[in-house]
Amino acid sequence: GEDVEQSLFLSVREGDSSVINCTYTDSSSTYLYWYKQEPGAGLQLLTYIFSNMDMKQDQRLTVLLNKKDKHLSLRIADTQTGDSAIYFCAERSGTASKLTFGTGTRLQVTL
Amino acid sequence: DAGVIQSPRHEVTEMGQEVTLRCKPISGHDYLFWYRQTMMRGLELLIYFNNNVPIDDSGMPEDRFSAKMPNASFSTLKIQPSEPRDSAVYFCASSPGQGRSEAFFGQGTRLTVV
């Protein structure tokens, strides 16, 4: 079955870049997503990448996809305190419409 | 559209009581998902529907859990009887099922069973 893994915690200083990593097992993944969850709130889509792409940039966010290694990363440039949240990686299998989520990475931004 | 609407936002109940969580998906979305989030297990998919029909309920933990979707604009997740280990945040999400098919999440229901 599908499995998505992430490290649990990342701490960075304000102004530095953050890199959150994710690995997945489903080779038929069509779309991969990054969601952000702020305290007490639901998950909100940050960005996504189609499986035939290697990279996608959206303002401060850069998504890199290594399909061979089934590795996805999210880079946040110039990290701000407002970026402190839990970040979830998710993949959508080509055979179903359900999304499989990783465990989430808690990003802590320090001054 | 107001997004996915869940109610109640918070629920505190005594062990053994029945609990019903409600969800209104985004109009026009064909898929509806129920997730549970805990510190120990992270985000787990409990069940999902396509066009009001349950497709995969393999994530439902026990027979105490049941979910229905009587029409395209409403779904319920029921726990009967509830137990303290059911305490979690329950999220409903909906998806159009077309294109990039991202899931749109509600704000969640925080359930505490005492």
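Up top you'll find the structure we're talking about.
Keep in mind that what you see is a predicted model, and the values were worked out from it rather than measured.

To continue, consider the overall build of chain B. Along its length, chain B carries 0 helices and 11 strands. Counting from the amino terminus, chain B carries its helices and strands in the arrangement β-β-β-β-β-β-β-β-β-β-β. For 114 residues, the compact-globule formula gives about 13 Å, and the C-alpha radius of gyration of chain B, at 13 Å, lands near that figure. By principal-axis analysis of the C-alpha atoms, chain B measures approximately 40 × 25 × 25 Å. Every one of the 114 residues in chain B was classed for burial, and the buried ones make up 49%. Taking as baseline every contact in chain B between residues at least 6 positions apart, the subset at least 24 positions apart corresponds to 53%.

Facing the 17 residues of chain A at the interface are 19 residues of chain B. Regarding the contact of chain A and chain B, the summed buried area is about 1,600 Å², with carbon and sulfur atoms giving 54% of it. Our count for the chain A to chain B interface comes out at 1 salt bridge. Between Asp-56 of chain B and Lys-98 of chain A there is a salt bridge, with the nearest N and O atoms lying 3.5 Å from each other. Counting the contacts that link chain A with chain B gives 6 residue pairs in polar contact (both at pLDDT 80 or more). Where the side of chain A that touches chain B is concerned, the elements lending two or more residues are strand E4 (29-37), strand E5 (43-50), strand E9 (85-93) and strand E10 (99-101) of chain A. With 4 residues, E4 of chain A is the single largest residue contributor to the side of chain A that touches chain B. Of the residues assigned to the side of chain A that touches chain B, the class counts are 11 nonpolar, 4 polar and 2 charged.

Residue and element names in this part refer to chain B. Here Glu-62 shows up in the loop between strand E6 (53-56) and strand E7 (65-71). Given a relative accessible area of 27%, Glu-62 falls into the partly exposed group. For the pair Glu-62 and Tyr-48, spaced 14 residues apart in the sequence, the C-alpha separation amounts to 16 Å. One polar contact links Glu-62 to Arg-64, side chain to side chain, over a distance of 2.8 Å.

This next bit is on the pattern of salt bridges. Summed over all chains, the structure comprises 12 salt bridges over all chains. Each of Glu-62, Arg-64, Glu-83, Arg-85 and Asp-86 of chain B takes part in a single network of salt bridges with overlapping partners.

Residue and element names in this part refer to chain B. The strand order across the open sheet formed by 4 strands is E1-E3-E8-E7, and the pairing between neighbours is antiparallel. The sheet is open, and its two borders are formed by strand E1 (5-7) and E7, each paired with just one other strand. Strand after strand, the sheet turns through a mean of 15 degrees between neighbouring axes, direction not considered. In this structure, E1 lies alongside strand E3 (residues 19-24), joined through 3 bridges in antiparallel fashion. Residue pairing in the sheet places Ser-7 in a bridge with Arg-22 of E3.

Turning to the state of the cysteines, a few remarks are in order. Such a bond, covalent and formed between the sulfur atoms of two cysteines, is termed a disulfide. Per the stated rule, a full pass over the model turns up 2 disulfides over all chains. Each sulfur in the disulfide pair Cys-22 of chain A and Cys-89 of chain A lies 2.0 Å from the other. On the sign convention where negative is left-handed, the bridge of Cys-22 of chain A and Cys-89 of chain A, at about -60 degrees about the S-S bond, is left-handed. A residue pair is termed long-range when its members are at least 10 positions apart, and Cys-22 of chain A in strand E3 (residues 18-24) and Cys-89 of chain A in strand E9 qualify at 67 residues. Each member of the pair Cys-22 of chain A and Cys-89 of chain A is classed as buried. Disulfide pairing places Cys-23 of chain B opposite Cys-92 of chain B at an S-S distance of 1.9 Å. The S-S bond linking Cys-23 of chain B to Cys-92 of chain B shows a torsion near -65 degrees; that makes this disulfide left-handed.

Next up on the list: the environment of Cys-23 of chain B. Residues and elements named next belong to chain B. Here Cys-23 is to be found in strand E3. The exposure class assigned to Cys-23 is buried, which follows from its relative accessible area of 1%. Expressed as a C-alpha distance, the spacing of Cys-23 and Lys-68, which sit 45 residues apart in the sequence, is 10 Å. Apart from the residues lying within four places of it in its own chain, the contact partners of Cys-23 are Val-4, Ile-5, Leu-32, Trp-34, Ser-73, Phe-74, Ser-75 and Cys-92.

Analysis parameters
Residues numbered from 1 in each chain as written. Chains lettered and ligands numbered in written order. Predicted model: local features only at pLDDT ≥ 70, side-chain atom pairs only at ≥ 80, totals over all residues. Heavy atoms only, no water. Helix = DSSP H or I, 4+ residues; strand = E, 2+ residues; numbered from the N terminus. Rg over C-alpha atoms; globule rule 2.2 N^0.38 Å. Buried < 20%, exposed > 50% of the residue type's maximum accessible area, 1.4 Å probe, protein only. Contact = heavy atoms within 4.5 Å. Buried area = accessible area lost by both parts, 1.4 Å probe. Salt bridge = Lys/Arg side-chain N within 4 Å of Asp/Glu carboxyl O. Polar contact = N/O pair within 3.5 Å; in protein donor to acceptor, adjacent residues only side chain to side chain. Nonpolar A, V, L, I, M, F, W, Y, C, P; charged D, E, K, R; others polar. Pairing = 2+ DSSP bridges. Axes fitted to C-alpha atoms, helices over the stretch in contact; angles between N-to-C directions. Disulfide = S-S within 2.5 Å.

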